[in-house]
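An overview of the molecular structure
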Amino acid sequence: IELTDLVCVVTGAGEGVGRGLVHGFVKRGARVVAGVRSLEKSAAAVVPAWAVKMDVTKTDDINRAVGEIIARHGRIDVWINNAGIYPRQPADEMTLADWRRVLDTNLDGAWRCCEAIIPHLKRQGSGVIVNVGSIQLRLGGPRLVNYLASKGGLVGLTRGLARDLGPYGIRANCVHLGAVLTEGELRSFPDQGAVLKSVEEKQALRGRLTPETVEPVFAFLASDDSRDITGQCLTVDR
């Protein structure tokens, strides 16, 4: 799948799936912009992509970043809303502040980005938005009520964007990822033997998803090969 010269922006690109997409898209010839919360911590991890400071909980931060991208590249072809957080907490212990923290990043953050880029995509008469969902929305995992709500909201966001922006040549899709092995998982769950056993009990295929193995799906949705696909939610899981 070729992405030659497409300007592709990935939020939450400092590690994990985001970083995997950045490096994969670079290899496919894209002009990749890696949105990261901290340039000091993450810029080196996304080389040779261009790292731009972007906190999706801050509208001014996003607007500044989008302005810099447009000034440098003149356009945005693909935007991947990957930034997200994944805390675990029982519903009966959750406060409104806990709820809002997750929604503010995972759902409101995606909308803030869309709000900032839509005028540019409309002027171009083209563009692709890909939202990153989760298999947990289908499984209904425990201690994730705010996370599940945020990912469910992304489904509605995806379908609404596809309907409203289709007349301008803009497509929007969502990818529900299964259990991807990332640095964050290794920090939270160091006993990988137990994790593998738990994951494989739910999967049809053995082994783990990795950022590298899911990247081609995003590349397909970013490319013109998927020109007839919009408003869809694709589950990538073993």
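A quick note: this is a predicted structure, and the numbers were derived from the prediction, not measured.

What counts, and at which threshold
- Residues numbered from 1 in each chain as written.
- Predicted model: local features only at pLDDT ≥ 70, side-chain atom pairs only at ≥ 80, totals over all residues.
- Heavy atoms only, no water.
- Phe/Tyr/Trp six-rings, centres within 6.5 Å; stacked < 30°, edge-to-face > 60°.
- Lys NZ or Arg CZ within 6 Å of the ring centre and 35° of its normal.
- Salt bridge = Lys/Arg side-chain N within 4 Å of Asp/Glu carboxyl O.
- Buried < 20%, exposed > 50% of the residue type's maximum accessible area, 1.4 Å probe, protein only.
- Helix = DSSP H or I, 4+ residues; strand = E, 2+ residues; numbered from the N terminus.
- Contact = heavy atoms within 4.5 Å.
- Core = buried A, V, L, I, M, F, W, Y, C linked by side-chain atoms within 4.5 Å.
- Arc of directions from axis to C-beta.
- Disulfide = S-S within 2.5 Å.

What to know about the packing of aromatic side chains
Considering all chains together, one arrives at one aromatic pair under this definition. Directly above the ring of tryptophan 50 sits arginine 72, whose terminal nitrogen or CZ lies 4.2 Å from the centroid.

Some words on the pattern of salt bridges
Evaluated as defined, the whole model comprises 15 salt bridges. Between lysine 53 and aspartate 61 there is a salt bridge whose closest N-O contact spans 3.5 Å. Measuring nitrogen to oxygen at the nearest pair gives 3.4 Å for the salt bridge that ties arginine 206 to glutamate 200. Arginine 206 sits in the exposed class, given a relative accessible area of 65%. Residues participating in the shared-partner salt-bridge network are Lys53, Asp61, Arg64 and Glu68.

Here's the deal with the side chain of histidine 176
Relative to the assigned elements, histidine 176 resides in strand E6 (residues 170-177). Accessibility expressed as a relative area gives 2% for histidine 176, which makes it buried. In this structure histidine 176 touches Gly133, Ser134, Ile135, Leu137, Arg138, Val155, Cys233, Leu234, Thr235 and Val236, once residues within four positions along its chain are discounted.

Considerations on the nonpolar core
Counting residues in hydrophobic clusters, the biggest one holds 31 residues, and the most contacted among them are Val22, Phe25, Ile80, Leu177 and Phe218. Among the secondary structure elements, those contributing two or more residues to this core are strand E1 (7-10), helix H1 (16-27), strand E2 (31-36), strand E4 (78-81), strand E5 (127-134), E6 and helix H10 (211-222). With six residues, H10 is the largest single contributor of residues to this core. In this view, leucine 177 contacts Val17, Val132, Gly133, Ser134, Ile135, Val214, Phe218 and Val236; residues no more than four positions away in its chain are not counted. Of all hydrophobic cores here, the second largest spans 30 residues; its members include Ile62, Ala83, Cys113 and Ala116.

What to know about helix H9 (residues 192-202)
Val195, Val199 and Glu200 are the residues of H9 that are buried. Projection of H9 onto a plane perpendicular to its axis shows the buried side chains occupying an angular sector of 120 degrees, all on one side. For H9, the exposed residues set more than 90 degrees away from the buried face come down to Lys197 and Glu201. Of the surrounding secondary structure, the elements contacted by the buried residues of H9 are helix H8 (183-188).

Quick notes on the state of the cysteines
Structurally, a disulfide amounts to a covalent bond that connects the sulfur atoms of two cysteines. Under the definition given, this model contains zero disulfides. Residue cysteine 113 stays outside any disulfide, its sulfur separated by 6.9 Å from that of cysteine 114, the closest cysteine. Residue class for cysteine 113 comes out buried when judged on its relative accessible area of 0%. Summary of cysteine pairing: cysteine 233 is not part of a disulfide, and the nearest cysteine sulfur, belonging to cysteine 174, is at 4.5 Å.

Focus: unusual backbone geometry
The omega torsion of the bond from valine 47 to proline 48 falls at 15 degrees, within 30 degrees of zero and hence cis. Position of proline 48 relative to the elements: it lies in the loop between helix H2 (39-42) and strand E3 (50-53). A positive phi angle, close to 70 degrees, is found at aspartate 5, a residue other than glycine. Positioned with a positive phi, arginine 143 is a non-glycine residue whose angle comes to about 60 degrees. Relative to the helices and strands, arginine 143 resides in the loop between helix H6 (136-139) and helix H7 (145-165). Residue class for arginine 143 comes out partly exposed when judged on its relative accessible area of 42%.

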